[in-house]
Amino acid sequence: MKTLKLFLVSIFMLVLASCSKSDNDTYPYYVTYKVTSEAATIVVAYYDNGSVVSNNVQSGWSKEAKIDKGYATISAGALDDNTAMVKIQIIRDGKVIKENEGLTVALTDQ
């Protein structure tokens, strides 16, 4: 469990480090992260209000996040099932702008 969390946070930091917004973009903006899976427990790491947050969540979890610099970024993986697929979405203004599905996934709105 600790290894998966560390792996997800590492992926998250790598994705976040490779992202940058231009000076013309308007901040802050808001997104909703959404996670679904057949797994009972999912570990997520996401960017919200200038910080990286990591939590254990259940399928159907969603969170509104304030993006004050960079990009909306999320990574996720199943804690208790190494065969369960995880689907993540970034939603902005009521529309899914990015989504990804896999055993361990990462996504940015870049």
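Residues numbered from 1 in each chain as written. Predicted model: local features only at pLDDT ≥ 70, side-chain atom pairs only at ≥ 80, totals over all residues. Heavy atoms only, no water.

(A) Up close: the sheet that holds strand β3 (residues 51-57). Read from one edge to the other, the open sheet built from four strands follows the order β3-β2-β5-β8, with strand pairing classed as antiparallel. At either margin of the open sheet sits one strand with a lone partner, and together these are β3 and β8 (104-108). The sheet shows a mean angle of 15° between the axes of neighbouring strands, taken without regard to direction. Pairing of strand β2 (residues 42-48) with strand β5 (residues 73-78), which is carried by five bridges, proceeds in the antiparallel orientation. Across the sheet, residue Val43 finds its bridge partner in β5, namely Gly77. (Pairing = 2+ DSSP bridges. Helix = DSSP H or I, 4+ residues; strand = E, 2+ residues; numbered from the N terminus. Axes fitted to C-alpha atoms, helices over the stretch in contact; angles between N-to-C directions.)

(B) Representation of the confidence of the model for the protein chain. Across the protein chain, the average pLDDT comes to 84, with 77% of residues at 70 or higher. Long-range and interchain partners of residues 20-24, a stretch whose pLDDT sits below 50, account for five contacts in this model, where long-range means more than four residues apart. (pLDDT = per-residue confidence, 0-100. Contact = heavy atoms within 4.5 Å.)

(C) Molecular detail of the sheet that holds strand β1 (residues 29-37). Taken together, four strands build an open sheet; the order of strands is β4-β1-β6-β7 and the sheet is antiparallel. Single-partner strands in this sheet number two, and they are β4 (61-67) and β7 (95-102). Sheet twist, expressed as the mean angle between neighbouring strand axes with direction ignored, is 20°. Note that β1 and β4 share seven bridges and pair antiparallel. Along β4, the bridge assignment pairs Tyr29 with Ile67.

(D) Main features of the environment of Val31. With respect to the helices and strands, the residue Val31 is situated in strand β1. Residue class for Val31 comes out buried when judged on its relative accessible area of 1%. Residues Val31 and Arg92, 61 residues apart in the sequence, show an inter-C-alpha distance of 4.8 Å. Discounting chain neighbours no more than four positions away, the residues touching Val31 are Lys63, Glu64, Ala65, Ile67, Ala72, Ile90, Ile91 and Arg92. (Buried < 20%, exposed > 50% of the residue type's maximum accessible area, 1.4 Å probe, protein only.)

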